[in-house]
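Structural features, examined
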Amino acid sequence: MRVGLFSVGRLKAGPEKELAARYIDRFAKAGPAIGLELGKLAEVGESRAGNAETRKREEAAMLEKALPDGAVLILLDERGKSLDSPAFADLLAGFRDSGKRELMIAIGGADGLDPALYERANATLCLGKMTWPHQLVRILLAEQLYRAVTILSGHPYHRS
């Protein structure tokens, strides 16, 4: 199964981009052995619309364009379900083992995600009750993807 990331907001050159890239690279190298490959990485600029609802709608349209046909969609949202790392790994493995070929995890913009996306989503997850800037969310998500691979493969990286 190919795992892609969609993010509203672009990472500029610097330590955040380098750290996210390091974990994405680790995921890309370790994942194929257990059936998880790196998919599309889609970064889009924030909408410049005059109000939040229009911005969310425009950003959702960009996500829909980047979303492969039939892909599993996981949204990150502060109201989503909180999982520990083994449960996140199990979620990914469950989609993979059910024969899904594509999965996209979406990080919304500053205004959040369009309500229509929640109806389309297969899961909505949160990384905690605190609000995080998209740069840090990308790092956290990249690390958790790599951690999921190590959990599923029995690698000692994850210790609880």
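Refer to the structure above for everything that follows.
In this report, the structure presented in the accompanying data block is examined. As the structure is a computational prediction, the values presented were derived from the model and not from experiment. (Residues numbered from 1 in each chain as written. Predicted model: local features only at pLDDT ≥ 70, side-chain atom pairs only at ≥ 80, totals over all residues. Heavy atoms only, no water.)

1. With respect to the overall build of the protein chain
Going by this rule: A run of DSSP states H or I qualifies as a helix once it reaches four residues; a run of E qualifies as a strand once it reaches two. Both are numbered from the N-terminal end. Note on exposure labels: buried denotes an accessible area under 20% of the residue type's maximum, exposed denotes more than 50%, and partly exposed covers the range between, all computed with a 1.4 Å probe on protein chains only.
Looking only at helices and strands, the protein chain features five helices and five strands. Its helices and strands in sequence order give the protein chain the pattern β-α-β-α-β-α-β-α-β-α, from N to C terminus. The principal-axis extent of the C-alpha atoms belonging to the protein chain is close to 50 × 35 × 25 Å. In the protein chain, buried positions account for 45% of the 160 residues.

2. Examining the packing of aromatic side chains
Selection criterion: Aromatic rings from Phe, Tyr and Trp, taking only the six-membered ring of Trp, are treated as a pair when their centres fall within 6.5 Å; an angle between ring planes under 30 degrees marks them as stacked, one over 60 as edge-to-face, and anything in between as tilted. Both a distance and an angle decide whether a charge sits over a ring: NZ of Lys or CZ of Arg must be within 6 Å of the ring centre and within 35 degrees of the ring normal.
By the definition in use, this model includes two aromatic pairs. Between Tyr23 and Tyr146 the ring centres are 6.5 Å apart and the planes differ by 40 degrees, which places this aromatic pair in the tilted class. With Tyr23 in helix α1 (residues 15-30) and Tyr146 in helix α5 (residues 134-153), this residue pair connects regions lying 123 residues apart in the sequence. Comparing Tyr23 with Tyr146, the two get one shared label, buried. Among the aromatic residues, ring-to-ring pairing joins Tyr23, Tyr146 and Tyr157 into one connected group. The ring of Tyr146 has Arg26 sitting right over it, with the charged end atom 5.6 Å from the ring centre.

3. A closer look at the environment of Ala61
Residue position: Ala61 is located in helix α2 (residues 52-66). The spatial distance from the C-alpha of Ala61 to the C-alpha of Leu117 is 9.6 Å, given a sequence separation of 56 residues.

4. Details of the side chain of Glu143
The line we're drawing: Only heavy atoms enter the contact rule, under which two residues are in contact if any of them lie within 4.5 Å.
Inspection of the secondary structure assignment puts Glu143 in helix α5. Taking the relative accessible area as the measure of exposure, Glu143 reaches 11% and is therefore buried. Beyond its immediate chain neighbours, meaning those up to four positions away, Glu143 contacts Tyr23 and Tyr157.

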